[in-house]
Amino acid sequence: PPRQRDVPASTDPTPENVLAGLEVQEKSLRELRRYLFTRLFQLQAEEAVLRDKLPEHRRAPPVDEDDAAIDETSKITYKRGKKKVAAKQPSPAQCLHWLACSNLHGVFSRNAVWLACTKQLAYFLERVCLGRRVTSPAAAEGVPVFFNRLGANAGTANESATPTLVRLSPEDTWVMAHHMDCLTVHSVESGVPPGETPTGETPGGDTTTGTPGETRSDTQTPEYAPAAHTNQTQTWLMRLTQRELWQTLVTLGADKHGVSNFVCRVAVHLHFRNQGWLPRSGLQYGADLVLYRNHPSLVHSDFCAVVTPSAAVSGASIAAVASFKNTGFTGSPNTGSTGSPEETTDRKRKATTTSSDGLGLRRWTEVQAASRLCVQVNKGLVSVFVDFGGGGGFGTRDLSTPECLRHVLVTETEIKRFNPERNKP
């Protein structure tokens, strides 16, 4: 590069000498800038040539323009010294593309879905805020899990002696199993698998399990079981269908009154993920979700979201949980009973008429407190209202099947404090 020219020394600092020195410096800076732009163009051309020579399987997947950024005009607030680190790492859209091409298997146990992953897969899941790493081995003691790796083929237990355990929340489980279609969930069952004969019994005996003549081919054995307890009860895994997984997660999210908030939560998760946000739990800020544009270790969250389900959604969730109970679906062992049909009807009436219970900002004092808290932590406040969209009566609003998400409408409203000094006409 051209060296900066020295200003000619002069013992007499007259205005003419000063102007001559400034002209020399300006000419030198112009030459330096011209050289830097030429060198940058050469490096970009060399990078394009090297990228064309890479094999197909090593190229980065294309990024969808709709998912590349949330808003090109807005500024992303990086943490100190993390902007250069973020430029070297794959974007969330690329991580989601690679995860969608994988074939993962998880086990539903202890009100969560567990995965045994390689460090690479655990890194990609963490990059898009899906699941949490299990730091304590005692937390997953006795949980049978499958070993998974990034890619289309499932790994084997011999690839890693100590895999990384990841625990998925109900919302993350449904996003990966239904929206991304990259996860298969298995449930832990005890007893004799359907289609098999108990030990000591003949096929024509009186003690049989399952439907006569039915054979389930989806029972599998986990490839990795950390500290599994051995007892006389036979334990086996059964693959859950999309509808069975939906019923399990809806029943898991029900409280003692039979109201399940899983439907509105997963609808909000899908709504923000489709817009490019990375939602995480907002418990530390008194909110339901916090929204990030990149991994939380690189950027600060922009908004706190508070979810408010409508009375119609709450009443439909009670009816869905009651229908699972009436059809013999037990769901999670920690889920309480839904009661008789008369009690279910009474709960639906209370959910429709009472506006002070449930999630969301129900009072202006709560709105003021949440708004002031978000101002203190430099975040925006978003109120998310979940309701049924379109027409149709209450009977058509059935939350017992995953198809109900097509009829759920998510409306977001940003709440800001009014400052008369800043909002002058």
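Look above for the structure.
Residues numbered from 1 in each chain as written. Predicted model: local features only at pLDDT ≥ 70, side-chain atom pairs only at ≥ 80, totals over all residues. Heavy atoms only, no water.

Colleague: Give me the lowdown on the nonpolar core, citing residues and values where you can.
Modeller: In this structure, L99, L125, M176 and W246 are the most contacted members of the largest nonpolar core, which totals 77 residues. Setting aside residues no more than four positions away along its own chain, L125 makes contact with L99, L115, C117, L130, V166 and M176. Counting residues in each nonpolar core, the second largest holds nine residues, with W114, A116, V143 and F147 among its members. (Core = buried A, V, L, I, M, F, W, Y, C linked by side-chain atoms within 4.5 Å. Buried < 20%, exposed > 50% of the residue type's maximum accessible area, 1.4 Å probe, protein only. Contact = heavy atoms within 4.5 Å.)

Colleague: Describe unusual backbone geometry, and please don't skip the residues or the numbers.
Modeller: Positive phi, close to 60°, is recorded for N111, a residue that is not glycine. Inspection of the secondary structure assignment puts N111 in the loop between β1 (104-109) and β2 (112-117). Judged by its relative accessible area of 28%, N111 is partly exposed. At N378, a position not held by glycine, the phi torsion is positive, near 60°. Along the chain, the position of N378 falls in the loop between α11 (364-376) and β12 (380-388). (Helix = DSSP H or I, 4+ residues; strand = E, 2+ residues; numbered from the N terminus.)

Colleague: Summarise a nonpolar patch on the surface; cite the residues concerned and give the values.
Modeller: A contiguous nonpolar surface patch, about 350 Å² in accessible area, is contributed by L29, L32, Y35 and L36. Along the chain, Y35 falls in helix α1 (residues 15-53). (Patch = residues over 30% accessible without salt bridge, like charges linked within 9 Å, V, L, I, M, F, W, Y side chains within 5 Å. Areas by Shrake-Rupley, 256 points an atom, 1.4 Å probe, with all protein chains shown as cover. Salt bridge = Lys/Arg side-chain N within 4 Å of Asp/Glu carboxyl O.)

Colleague: Run through the state of the cysteines, naming residues and quoting values.
Modeller: For the structure on display, the rule yields zero disulfides. Counting only cysteine sulfurs, C182 is the nearest neighbor of C101, a cysteine outside any disulfide, at a range of 9.4 Å. The structure places no disulfide on C304, whose sulfur is separated from the nearest cysteine sulfur, that of C374, by 4.0 Å. Judged by relative accessible area, which is 1%, C304 ranks as buried. (Disulfide = S-S within 2.5 Å.)

Colleague: Requested: an account of the packing of helix α6 (residues 170-179) against helix α7 (residues 242-252), with residues and values cited.
Modeller: Between α6 and α7, the least distance of the axes is 11 Å, while the angle of their chain directions is 165°. One way to sum up the angle between α6 and α7 is to call them roughly antiparallel. Crossing geometry of α6 relative to α7 is assigned as left-handed. On α7, the residues touching P170, T173, W174, A177 and H178 of α6 are Q242, L245, W246, L249 and L252. (Axes fitted to C-alpha atoms, helices over the stretch in contact; angles between N-to-C directions. Parallel < 35°, antiparallel > 145°, perpendicular 65-115°, else oblique. Left-handed = near helix turned anticlockwise from the far one by under 90°.)

Colleague: Lay out the side chain of H271 in plain terms, naming residues and giving numbers.
Modeller: Mapping H271 onto the fold places it in helix α8 (residues 262-274). If we ignore the near neighbours within four places in the chain, the residues touching H271 are V410 and E412.

Colleague: Describe the packing of aromatic side chains, naming the residues involved and giving the relevant values.
Modeller: Where two aromatic rings form a pair, the distance of their centres and the angle of their planes describe that pair. Under the definition given, this model contains five aromatic pairs. Ring centres 5.4 Å apart and planes at 90° place the aromatic pair W98 and F124 in the edge-to-face group. Within this pair, whereas W98 is found in helix α4 (residues 92-100), its partner F124 is found in helix α5 (residues 119-127), the two being separated by 26 residues in sequence. Aromatic side chains Y123 and F124 sit 5.6 Å apart centroid to centroid with 90° between the ring planes, which places their arrangement in the edge-to-face category. Taking relative accessible area as the criterion, Y123 reaches 28% and is therefore assigned partly exposed. (Phe/Tyr/Trp six-rings, centres within 6.5 Å; stacked < 30°, edge-to-face > 60°.)

Colleague: Explain empty space enclosed by the protein to me, and be specific about the residues and the numbers.
Modeller: The full count for this structure, using the stated rule, is one cavity of 30 Å³ or more. What the largest cavity holds in volume is close to 40 Å³. Looking at the largest cavity, the residues that line it are Y285, G286, A287, C304, V306, A370, L373, C374 and L381. Those elements that provide at least two residues to the lining of the largest cavity are β11 (303-309) and α11. If you tally residues by element for the lining of the largest cavity, the top one is α11, at three residues. (1 Å grid on protein atoms, 1.4 Å probe; cavity = no way out; pocket = protein on both sides within 12 Å on 5 of 7 lines; lining within 4 Å. Points joined across faces, edges and corners; volume = space filled by probe spheres on them.)

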